[in-house]
There are 2 protein chains.
Amino acid sequence: LSDPLAIRSFKLIVAYDGTAYQGWQVQLDAPTIQAELQRALQTLTNESVRVTASGRTDAGVHALGQVVSFDSSTSHSPDTILRALNANLPHDIRVLEVEVAADGFHAIRDAVSKRYRYCIQDGGVADPFLRGLCWHLPQRMDEDALRAAANLLLGKHDFASYQAAGSPRASTVRTIFDFTVTRQSRELCDLIVMEIAADGFLYNMVRNLVGTLVEVGRGSRPIQWPHEVLTAKDRTLAGSTAPPHGLFLVAVEYVG
Amino acid sequence: LSDPLAIRSFKLIVAYDGTAYQGWQVQLDAPTIQAELQRALQTLTNESVRVTASGRTDAGVHALGQVVSFDSSTSHSPDTILRALNANLPHDIRVLEVEVAADGFHAIRDAVSKRYRYCIQDGGVADPFLRGLCWHLPQRMDEDALRAAANLLLGKHDFASYQAAGSPRASTVRTIFDFTVTRQSRELCDLIVMEIAADGFLYNMVRNLVGTLVEVGRGSRPIQWPHEVLTAKDRTLAGSTAPPHGLFLVAVEYVG
């Protein structure tokens, strides 16, 4: 058994359906993912544990592989922690993995890349099993046009045009490693699935990119337009912000 | 335009997530699929319309292709009815198709076969996006054993052993046309998906078959056991009834 007084750093992989939550961050009088995790950890450890996520997802945003760090003097094994947390958490939040991380591991500071997914049902009757899990648009999208427009955004750029207003960062330069657009046939509908991996994301960047790209997908704007918006570095030129419920944090990568 | 006084028979294809409902059939003081459809139809037609489903799904059971019939003197086109119903229904109930059927079309009486699906997540942490949409079992299932046991149930048999107690039918003989077992890899979990098509089903028949088959899948019973239970025609010999939330009515077939 480990020294019961030694503080260890833990890393969790967490999946959640964000539909019922006001996002990640603790708020007064509103259910949040962070509050649920901290409550479940306190039940297990009798410590007041503060958890940190790789990024604060907004209300309605989902995660398949959110990474969460915390320090604790608990002597429980990772496997016991996993089972106890899942026994104490609501069913729409699940801890998929628990491991002891390097001392001082920090889910925000140590992240080197993230991958997001955005799901759109284009056309047809809204799939009742995907309500809250995709953006339903009445028009059929041209996925080849979407893909061509996405390709023009690959690489290192100043994404100031795609940053939410009123959220200044020291630098608005980010590098997109991967930006894929695929059409998937589901039983009751078709989905357009966009995945974007980058070394970091500005606030609302994925939702602003998607809201701009769909103007291309529906034929209202040319393929070059999202790149023109990028080079203009002017938020007011971009499309609207896509709704939160189509967005999933897929995975976060760390060094080593 | 059709004669506004002529009564026409309509056929709807309806999908629903049954999680929030006390099943199909209208009940006092409880939300049901039938009640929601009748309310939406009344809003559209100003008639008190009674709708009939191919079968009454239980609380928590889902449908991908429930068939619903009703008679109405509405002069609206099928496309208008589809749009108006979906505008008036909750998002977890969607009308996928509306058509004018042969006069007197009746969703129960005219059905010639039905297909059900049952989904099991075997092992792993329960997928938070599939809560309410599959049965989560802690053990890994042997899908080859499940498939072999299912194959022995194909064909025309007396399924009295798999009928819920207290629900006598004139005949308990049914013919299973198709009974497949597949393992599907999802992003966060593995699923065992069973599909069963028959000329009709006794009450709780699919859930009783699944509850019996999983005893084979987990290695507690031999492959021949579900067939032995069948030939014994004794409900008390079968396994437990699988929970409703893994069950989906997939499709209903009609003559012509």
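1. Looking at the packing of helix H3 (residues 143-151) of chain B against helix H4 (residues 205-217) of chain B
Residues and elements named next belong to chain B. Axis separation between H3 and H4 bottoms out at 8 Å; the angle between their running directions is 135 degrees. Accordingly, the angle class assigned to the pair H3 and H4 is oblique. Crossing of H3 over H4 shows right-handed handedness. Counting all contacts with H3, which are made through Ala145, Leu146, Ala149 and Ala150, the residues of H4 involved are Leu213, Val214, Val216 and Gly217. Partitioning the contact of H3 with H4 into residue classes produces 7 nonpolar, 1 polar and no charged.

2. A closer look at the relation of the copies chain A and chain B
Of the transformation superimposing chain A on chain B, the axial component is 0.0 Å and the angular component is 180 degrees, with the fit at an RMSD of 0.0 Å. Look at the turn and shift together and you get a two-fold axis relating the two. Proximity to the rotation axis, assessed at the C-alpha, singles out Phe129 of chain A in chain A; its C-alpha lies 4.9 Å from the axis.

3. Re the confidence of the model for chain A
Averaged over every residue, the pLDDT of chain A is 95; residues scoring 70 or more account for 97%. Both confidence scores are given for the complex: pTM 0.95, ipTM 0.94.

4. Some words on the side chain of Thr172 of chain A
Residues and elements named next belong to chain A. Its place among the elements puts Thr172 in the loop between strand S7 (155-158) and strand S8 (173-185). Its relative accessible area of 14% is what places Thr172 among the buried residues. Side-chain polar atoms of Thr172 contact the side chain of Asp158, separated by 2.6 Å. The contacts of Thr172, once residues within four sequence positions are left out, are His157, Asp158, Phe159, Ala160, Gln163 and Leu202.

5. Concerning the interface of chain A and chain B
Facing the 25 residues of chain A at the interface are 25 residues of chain B. Carbon and sulfur atoms supply 72% of the area buried between chain A and chain B, which totals about 1800 Å² over both sides. If you sort the residues of chain A by the area they bury against chain B, Val125, Phe129 and Arg131 of chain A come out on top, with a joint share of 33%. Connecting chain A to chain B are 4 salt bridges. The salt bridge partner of Arg131 of chain B is Asp17 of chain A, with a shortest N-O separation of 3.2 Å. In this structure, the connection of chain A to chain B is made through 4 residue pairs in polar contact (both at pLDDT 80 or more). For the side of chain A that touches chain B, the element with the highest residue contribution is strand S4 (residues 93-101) of chain A, accounting for 4 residues.

6. Let's talk about the packing of helix H1 (residues 33-45) of chain A against helix H2 (residues 78-88) of chain A
Residues and elements named next belong to chain A. Close contact between H1 and H2 brings their axes to 9 Å; oriented N to C, the two are set at 125 degrees. As summarised for this structure, H1 and H2 are arranged oblique, according to the angle between their axes. Helix-helix and strand crossings are classified by hand; for H1 and H2 the assignment is right-handed. Taking contact as the criterion, the partners of Ala40, Leu41, Thr43 and Leu44 in H1 are, on H2, Ile81, Ala84, Leu85 and Asn88. Split into classes, the residues belonging to the contact of H1 with H2 amount to 6 nonpolar, 2 polar and no charged.

7. Topic: the packing of aromatic side chains
Using the criterion set out here, one finds 10 aromatic pairs over all chains in the structure. Measuring from centroid to centroid gives 5.8 Å for Phe248 of chain A and Phe129 of chain B, while their planes differ by 50 degrees, and the two rings are tilted. Of this pair, Phe248 of chain A sits in strand S10 (residues 247-254) while Phe129 of chain B sits in the loop between strand S5 (111-122) and strand S6 (135-137), placing the two residues on different chains. Accessibility classification places Phe248 of chain A together with Phe129 of chain B in one group, the buried group. Ring geometry for Tyr116 of chain B versus Phe201 of chain B: centroids 5.0 Å apart, planes at 85 degrees, classification edge-to-face. With Tyr116 of chain B in strand S5 and Phe201 of chain B in the loop between strand S9 (190-198) and H4, this residue pair connects regions lying 85 residues apart in the sequence. Here Tyr116 of chain B and Phe201 of chain B have matching classes, each one buried. In this arrangement the basic side chain of Arg221 of chain A is found over the ring face of Trp225 of chain A, its NZ or CZ atom lying 4.1 Å from the centre.

Criteria and thresholds
Residues numbered from 1 in each chain as written. Chains lettered and ligands numbered in written order. Predicted model: local features only at pLDDT ≥ 70, side-chain atom pairs only at ≥ 80, totals over all residues. Heavy atoms only, no water. Axes fitted to C-alpha atoms, helices over the stretch in contact; angles between N-to-C directions. Helix = DSSP H or I, 4+ residues; strand = E, 2+ residues; numbered from the N terminus. Parallel < 35°, antiparallel > 145°, perpendicular 65-115°, else oblique. Left-handed = near helix turned anticlockwise from the far one by under 90°. Contact = heavy atoms within 4.5 Å. Nonpolar A, V, L, I, M, F, W, Y, C, P; charged D, E, K, R; others polar. Least-squares fit on C-alpha atoms with pLDDT ≥ 70 in both. pLDDT = per-residue confidence, 0-100. Buried < 20%, exposed > 50% of the residue type's maximum accessible area, 1.4 Å probe, protein only. Polar contact = N/O pair within 3.5 Å; in protein donor to acceptor, adjacent residues only side chain to side chain. Buried area = accessible area lost by both parts, 1.4 Å probe. Salt bridge = Lys/Arg side-chain N within 4 Å of Asp/Glu carboxyl O. Phe/Tyr/Trp six-rings, centres within 6.5 Å; stacked < 30°, edge-to-face > 60°. Lys NZ or Arg CZ within 6 Å of the ring centre and 35° of its normal.

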